[in-house]
Amino acid sequence: MAATTYERLKLHITPEKFYVEACDDGADDVLVIDRVSTEVTLSVKKDIPPSAVTRPIFGILGTIHLVAGNYLIVITKKTKIGEFFNHVIWKATDFDVLSYKKTMLHLTDIQLQDNKTFLAMLNHVLNVDGFYFSTTYDLTHTLQRLSNTSPEFQEMSLLERADQRFVWNGHLLRELSAQPEVHRFALPVLHGFITMHSCSINGKYFDWILISRRSCFRAGVRYYVRGIDSEGHAANFVETEQIVHYNGSRASFVQTRGSIPLFWSQRPNLKYKPLPLINKVANHMDGFQRHFDSQVIIYGKQVIINLVNQKGSEKPLEQAFATMVSSLASGMIRYIAFDFHKECKNMRWDRLSILMDQVAEMQDELSYFLVDSAGMVVASQEGVFRSNCMDCLDRTNVIQSLLARRSLQAQLQRLGVLHVGQKLEEQHDFEKIYKNAWADNANACAKQYAGTGALKTDFTRTGKRTQLGLVMDGWNSLIRYYKNNFSDGFRQDSIDLFLGNYSVDELESHSPLSVPRDLKFLALPIIMVVAFSMCIICLLMAGDTWTETLAYVLFWGVASIGTFFIILYNGKDFVDAPRLVQKEKMD
């Protein structure tokens, strides 16, 4: 079986069945989905009823079961990102969710409302930017992994051979994956960021590509998914690969990021920065070792760059991380702590050179992957930098962009694109492309995890910290605060539903969506708003005497401030918490 999926498809809809027709040259296959029995079979074009309603689609994302029954999710719009070694890479930009059922009359009012909520969750995930696919190329693997495969692997379908960490629709494709004969209709979709640029330095043209692959294991939103799970999967784990293609030669440099691999949490509670809590009873070494065992098997040596603060609320995590590395005593793991905020305070971002100088020799040892135009492997990457801060977003992206530039400098010199003594920073046209791409990567990763664009992107784009950048960071921080406290519960539920961490059971006697809010969830905020409003009104409409006005202002002011502190003290009762996920997943 060739490692491709069908590129051109038509969806034919009848009241009884969905027919997905393969329209590639020479293809006669038709995927048939029975809307009543949900059975999936393979047929031929002559079996498509002429009465069917027909529309073009660009891929099957999969199927999902909700309260009303099964739904088919298809890609209805796509945008070309570029070509990757003669393989076209697409971004999915619009989807359609189609019900198997022709009517909803079999549902109660409560079931109808629950089904509507589940559909809203599904659409929320689909509306998050960053779903990519190719019908002819395996986007889930790095160049180095793909170079070290067997002939049998090359013959597998894209779904079979994909790295399951990065197949975001793996759960949705479970029915198709069970039937190898329909795998050419099963399209693995990556979530993250991809950009491609044709560049020129010294009159020499090369392709420069940046790919970030977001793991679907322990996926979620900023404050509700931290640390690791019992299998060693880290929250917000992203594999980022930078690729150069010049005159048939291909070079690659891979880095990873992921939450501090301990059992810890940081639940939102209306405070700007909730206190991170390390689980005192969990077997941290077990999860820690599982995490790094898998990382070493996949990537080789690990150079940890921990960028968290070494004082305040982040200090215990830094100390615990360092202690665990020391206790593991593995020659494959090296640990570097660099207090990003302390070293770069007062906008002294030039001090990042301290870290770059510290890791320079290690980076040379890890090297990069390089294959020449004849297909011979010239160099292999022996390990990766695993960077983290608290969120693995803003500080992490800055450091990754600097490490990637240093690797790219070496690669382009070796390929003959850069002359001896030339610096990449001096190539102004390319530098602009490079910096903007890494800033875009930062924004994509941040929006997918924290709900807003990244912070510190002014440095990534321009190479220096600016006052405008500080203002924009303040604005994004404010938006993050709101989303993390008042909408991330829904976002987390949406991701868990999409990835199959929660499965809908229409026979369930008690829906998790029907859990009523405590009365104070609405009552206290309303009292606070009313009291604050009355305080303002009293100021604007002074009474007969200033004494009377002052009395009213003090009364309503004390009422509003008092209520505010009651809410803040019980902050966890007022945030939008997830309702679907099992508790142990969140601890």
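Summary of the structure given here. Just so you know, these numbers come straight off a predicted model, no measurement behind them. Sequence order sets the numbering: in each chain, residues are counted from 1 along the sequence as written. Only residues with pLDDT of at least 70 are given local features in this predicted model, and only at 80 or more are side-chain atom pairs given and counted; all residues enter the totals for whole chains, interfaces and linings. As a convention, hydrogens and water are excluded, and side-chain values are obtained from all of the structure's heavy atoms.

Looking now at the overall build of the protein. Under the DSSP-based scheme used, a helix requires at least four consecutive residues in state H or I and a strand at least two consecutive residues in state E, with every element numbered from the N terminus. Each helix and strand counted, the protein has 17 helices and 20 strands in total. The buried share among the 587 residues of the protein stands at 54%. Put simply, 67% of the contacts in the protein that link residues at least 6 apart link residues at least 24 apart. Only the protein chains shown count as cover for residues, and the accessible areas themselves come from Shrake-Rupley with a 1.4 Å probe. A total accessible area of about 26200 Å² is found for the protein, and carbon and sulfur atoms account for 56% of it. Each residue is placed in one exposure class: buried if its accessible area under a 1.4 Å probe, protein chains only, is under 20% of its type's maximum, exposed if it is over 50%, and partly exposed if it falls in between. When checking whether two residues touch, look at their non-hydrogen atoms; a contact exists if any pair is within 4.5 Å.

With that out of the way, let us pick up the sheet that holds strand 1 (residues 9-13). Here, strands pair whenever DSSP counts at least two bridges between them. Overall, antiparallel pairing links the 5 strands, which are arranged 4-3-2-1-5 in an open sheet. Edge positions in the sheet fall to strand 4 (40-44) and strand 5 (53-57), since each has one partner strand and no second. Each neighbouring strand pair of the sheet contributes to a mean axis angle of 25°, computed without reference to strand direction. When strand 1 meets strand 2 (residues 17-22), the two strands line up antiparallel, connected through 5 bridges. Bridging across to strand 2, lysine 10 finds its partner in glutamate 21. Think of each axis as a best-fit line through the C-alpha atoms, taken over the contacting stretch in the case of a helix, with angles from 0 to 180 degrees between the N-to-C directions.

Helix 14 (residues 488-499) packs onto helix 1 (residues 109-126) with a crossing angle of 90° between their chain directions and a minimal axis gap of 8 Å. As judged from the angle between their axes, helix 1 and helix 14 are roughly perpendicular. From helix 1, Thr117, Phe118, Ala120, Met121, Leu122, His124, Val125 and Leu126 reach across to helix 14, where they touch Phe490, Arg491, Asp493, Ser494, Ile495, Leu497 and Phe498. Any residue outside Ala, Val, Leu, Ile, Met, Phe, Trp, Tyr, Cys, Pro, Asp, Glu, Lys and Arg is labelled polar, Gly included; the first ten of those are nonpolar and the last four are charged. Partitioned by chemical class, the residues of the contact of helix 1 with helix 14 number 10 nonpolar, 3 polar and 2 charged. Roughly parallel means an angle under 35 degrees; roughly antiparallel means over 145; roughly perpendicular covers 65 to 115; every other angle is labelled oblique.

Moving on, we get to helix 6 (residues 284-299). Taking 1.5 Å per residue as the helical rise, helix 6 with its 16 residues ought to reach 22 Å, and the 22 Å between its terminal C-alpha atoms agrees with that figure. Within helix 6, the full set of buried residues consists of His284, Gly287, Phe288, His291, Phe292, Gln295 and Tyr299. Burial along helix 6 is one-sided: seen end-on, the buried residues are contained in an arc of 120°. Positioned one or two residues after helix 6, glycine 300 has a phi angle of 95°, which is positive. Take the residue count of a helix, subtract one, and multiply by 1.5 Å to get its expected span. The arc in question is traced by the directions running from the helix axis to the C-beta atoms.

Okay, the packing of helix 6 against helix 7 (residues 315-328) next. At a minimum axis distance of 11 Å, the contact between helix 6 and helix 7 shows a crossing angle of 75°. On the basis of their axis angle, the class for helix 6 and helix 7 is roughly perpendicular. Of the residues in helix 7, those touching helix 6 at His284, Met285, Phe288, Gln289 and Phe292 are Phe321, Met324, Val325, Ser327 and Leu328. Residue composition of the contact of helix 6 with helix 7, grouped by class: 7 nonpolar, 3 polar and no charged.

Stacked, edge-to-face and tilted labels apply to pairs of Phe, Tyr and Trp rings (six-membered ring for Trp) whose centres lie within 6.5 Å, assigned for plane angles under 30 degrees, over 60, and everything in between, in that order. Evaluated as defined, the whole model comprises 17 aromatic pairs. Plain terms: the ring middles of phenylalanine 84 and phenylalanine 85 are 4.5 Å apart, the flat faces sit at 40° to each other, and that makes the pair tilted. For the pair shown, phenylalanine 84 and phenylalanine 85 are each scored as buried. Working rule: Lys NZ or Arg CZ, within 6 Å of ring centre, within 35 degrees of ring normal, means a charge sits over the ring. Against the face of tryptophan 90 rests lysine 78, its NZ or CZ located 3.7 Å from the ring centre.

Distance thresholds for patches are 9 Å for like charges and 5 Å for nonpolar side chains (Val, Leu, Ile, Met, Phe, Trp, Tyr), applied to residues having over 30% relative accessible area and no salt bridge. For this analysis, a salt bridge means a side-chain nitrogen from Lys or Arg found within 4 Å of a carboxyl oxygen belonging to Asp or Glu. Among the surface-exposed residues, Leu468, Val471, Met472, Trp475 and Leu478 lie close enough to one another that they form a single nonpolar patch of about 550 Å² accessible area. Examined against the element boundaries, leucine 478 turns out to sit in helix 13 (residues 467-486).

Turning to the nonpolar core, a few remarks are in order. Ranked by size, the top nonpolar core spans 68 residues in total, and within it Phe206, Trp208 and Leu352 carry the most contacts. Not counting residues up to four positions away in its chain, the partners in contact with phenylalanine 206 are His197, Ser198, Cys199, Ser200, Ile201, Val244, His245, Tyr246, Leu412, Val417 and Phe430. Membership of the second largest hydrophobic core comes to 38 residues, among which are Tyr71, Ile75, Phe131 and Leu513. Only buried Ala, Val, Leu, Ile, Met, Phe, Trp, Tyr and Cys residues count toward a nonpolar core, and they belong to the same one when joined by side-chain atoms within 4.5 Å.

For the structure on display, the rule yields 26 salt bridges. Taking the shortest distance from any N to any O, the salt bridge between aspartate 138 and arginine 161 comes out at 3.3 Å. Taken together, the residues span a long stretch of sequence, with aspartate 138 in the loop between strand 9 (131-133) and helix 2 (143-147) and arginine 161 in helix 4 (residues 158-161) at a distance of 23 residues. Residue classification places aspartate 138 among the buried positions, given a relative accessible area of 4%. What makes arginine 161 buried here is its relative accessible area of 8%. One salt bridge connects arginine 290 with aspartate 286, and the closest N-O pair in it is separated by 3.2 Å. One end of the pair is arginine 290 and the other is aspartate 286, both in helix 6 and 4 residues apart, which spans about a single turn. What makes arginine 290 partly exposed here is its relative accessible area of 38%. Within this structure, Arg145, Asp163, Arg165, Arg213, Glu239 and Glu241 form a network of salt bridges that share partners.

Before going further, it helps to spend a moment on the pairing of strand 7 (residues 69-84). Pairing of strand 6 (residues 59-66) with strand 7 involves 7 bridges; the strand directions are antiparallel. Residue pairing across strands places threonine 63 opposite leucine 72, the latter belonging to strand 7. Across 12 bridges, strand 7 lies against strand 8 (residues 87-99) in antiparallel orientation. When the sheet's bridge partners are listed, tyrosine 71 is paired in strand 8 with serine 99. The antiparallel pairing of strand 7 with strand 8 creates a hairpin that spans 2 residues between the two strands, and phenylalanine 85 there sits at a positive phi of about 55°.

Below, the discussion takes up the side chain of glutamine 363. Position of glutamine 363 among the secondary structure elements: in helix 9 (residues 352-366). If we ignore the near neighbours within four places in the chain, the residues touching glutamine 363 are Phe253, Phe385, Leu403, Arg406 and Ser407.

We now examine unusual backbone geometry. Residues other than glycine seldom take positive phi values, yet alanine 329 does so here, at roughly 50°. For alanine 329, the location among the structural elements is in the loop between helix 7 and strand 17 (333-337). The phi torsion at asparagine 346 lies on the positive side, around 60°, for a residue other than glycine. Tracing the backbone shows asparagine 346 in the loop between helix 8 (340-343) and helix 9.

Treat this as a map of the structure, not an account of what it does.
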